[in-house]
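Here is how the chains run, residue by residue.
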Amino acid sequence: MTAPLLDWARPALASAFSLWGSPVTWLELAAFGLSLAMVAANIRVRPVAWPLAMAAALLYALLFADARLYGQVALQLFFVAVSAWGWWQWLHGRGTDGGALVVHRLAPRARLAALAGTAAAWPLLALALARGTDSPVPWADALATTASVTGQLLLGRKAIENWPVWLAVNLFSVALFASRQLWLTALLYALFAALSVVGWRAWCARLAADG
């Protein structure tokens, strides 16, 4: 199913330059720039982050399909859908008190539910990838995928806990993408990890100012 799309995208998958002995494609370069712009907008709680996320996710879906990281392909397609939901949430969503959706902390029970959902989904996806695809790293791919889903849902609801989730995901993803020699993407996720700390601090300051 992905082969025709990859054939169509083949010119963008041509090498723009080499990094540490591996090619960096034009597609990866474009996705890199869009992703940095997206995180900068997220830190500032700007709704434009969501259409940027959709564009970057579509490009990364093609890149990961070419690298045979199928869990990440599914994740990027999920990101397209959830970004439309997140965009609506940031523009029109409501908090538990019925007021406009604002940056907030999760209740302890909600944090536990997020952790339990991630832990339950991880082995299910890993087994599906191991049995149904030729992914070389199904368990690592699945862990990054399921934790990213959790982070994206928390971000869409402006829960401050999205940032520590993204910090963990981004650090883990650096090793995952380096193992597939996607060096620019590994570098991007290292930057994401640093920006997760910046975002966490910025949202904590916003919450303190609003409180």
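Each residue is numbered by its place in its chain's sequence as written, counting from 1. With the structure being a predicted model, the display of local features is reserved for residues of pLDDT at least 70 and the display and counting of side-chain atom pairs for 80 or more, all residues being used for whole-chain, interface and lining totals. No hydrogens and no water enter the side-chain calculation; it runs on all heavy atoms of the structure.

Enquirer: How would you explain the packing of helix α2 (residues 26-43) against helix α8 (residues 183-210) if you had to name every residue and give the values?
Expert: Structural elements are reduced to axes, namely lines fitted to C-alpha atoms, with helices fitted over the stretch in contact, and the angle between N-to-C directions of any two is expressed from 0 to 180 degrees. Helix and strand assignments come from DSSP, with helices taken as H or I runs of at least 4 residues and strands as E runs of at least 2, each series counted from the N terminus. In the contact formed by α2 and α8, the axes pass within 10 Å of each other and the chain directions differ by 5°. Here α2 lies roughly parallel to α8, going by the angle between them. On α8, the residues touching Glu 28, Leu 29, Phe 32, Ser 35, Leu 36, Met 38, Val 39, Asn 42 and Ile 43 of α2 are Trp 183, Leu 184, Thr 185, Leu 188, Leu 191, Phe 192, Leu 195, Val 198, Gly 199, Ala 202 and Trp 203. Basically, the charged four are Asp, Glu, Lys and Arg, the nonpolar ten are Ala, Val, Leu, Ile, Met, Phe, Trp, Tyr, Cys and Pro, and anything else, Gly included, counts as polar. Considered class by class, the residues forming the contact of α2 with α8 number 15 nonpolar, 4 polar and 1 charged. Note that the term roughly parallel is reserved for angles under 35 degrees, roughly antiparallel for angles over 145, roughly perpendicular for angles of 65 to 115, and oblique for everything else. Pairs of residues are marked as contacts when any of their non-hydrogen atoms sit within 4.5 Å.

Enquirer: Give me the nonpolar core: which residues, what numbers.
Expert: Most often, soluble globular proteins keep nonpolar side chains buried together rather than apart. Counting 40 residues, the largest nonpolar core has Tyr 60, Phe 64, Leu 69, Phe 177, Leu 182 and Trp 203 as its most contacted members. Where this core is concerned, the elements lending two or more residues are α2, α3 (49-66), α4 (70-92), α6 (138-156), α7 (162-179) and α8. In terms of residues, this core owes the most to one element, α3, which gives 8 residues. In contact with Tyr 60, not counting residues within four places along its chain, are Glu 28, Ala 31, Phe 32, Ser 35, Gln 76, Thr 185 and Leu 188. Nonpolar core, defined: a set of buried Ala, Val, Leu, Ile, Met, Phe, Trp, Tyr and Cys residues in which side-chain atoms within 4.5 Å join the residues together. Here's how the labels work: a residue is buried when its accessible area is under 20% of the maximum for its type, exposed when over 50%, partly exposed in between, all with a 1.4 Å probe on protein chains only.

Enquirer: Can you break down the environment of Arg 94 residue by residue, with the values?
Expert: Along the chain, Arg 94 turns up in the loop between α4 and α5 (108-132). Put simply, Arg 94 and Arg 157 are 63 residues apart on the chain and 9.0 Å apart in space, counted from C-alpha to C-alpha. Once residues within four sequence positions are removed from consideration, Arg 94 is found in contact with Gly 99, Ala 100, Leu 101 and Arg 157.

Enquirer: Kindly report on α2, identifying the contributing residues and their values.
Expert: Spanning 18 residues, α2 covers 26 Å between terminal C-alpha atoms, matching the ideal 26 Å at 1.5 Å per step. By the burial criterion, the buried members of α2 are Leu 27, Glu 28, Ala 31, Phe 32, Ser 35, Met 38, Val 39, Ala 41, Asn 42 and Ile 43. Phi turns positive one or two residues past the end of α2, at Val 45, with a value near 55°. Helices are assigned an expected span. That span is 1.5 Å times one less than the residue count.

Enquirer: Which residues make up the environment of Ala 130, and what are the values?
Expert: Structurally, Ala 130 is set in helix α5. Residue classification places Ala 130 among the partly exposed residues on the basis of a relative accessible area of 44%. A sequence separation of 12 residues divides Ala 130 from Ala 142, and the C-alpha atoms of the two residues are 9.7 Å apart.

Enquirer: Could you give an account of α6, naming the residues involved and the relevant values?
Expert: At 3.6 residues per turn, the α-helix brings residues three or four places apart onto the same side. Over its 19 residues, α6 runs 27 Å from end to end, which matches the ideal 27 Å to within 8%, given 1.5 Å per residue. Most of α6 sits out of view: 14 of its 19 residues are buried. Lys 158 lies just past α6 and shows a positive phi near 60°.

Enquirer: Describe the packing of aromatic side chains, naming the residues involved and giving the relevant values.
Expert: Here is the rule: rings of Phe, Tyr and Trp (six-membered ring for Trp) pair when centre to centre is within 6.5 Å. Planes less than 30 degrees apart are stacked, more than 60 are edge-to-face, and the remainder are tilted. Counted according to the given criterion, the structure contains 10 aromatic pairs. Pairing Phe 79 with Trp 166 gives two aromatic rings, centres 6.2 Å apart and planes at 65°, and the pair type is edge-to-face. Within this pair, whereas Phe 79 is found in helix α4, its partner Trp 166 is found in helix α7, the two being separated by 87 residues in sequence. Each member of the pair, Phe 79 together with Trp 166, is buried. Two limits define a charge over a ring: the Lys NZ or Arg CZ must be within 6 Å of the ring centre, and within 35 degrees of the ring normal. Positioned above the aromatic ring of Trp 90, the side-chain terminus of Lys 158 is 5.3 Å from the ring centre.

No statement about biological role is implied by the geometric values presented.
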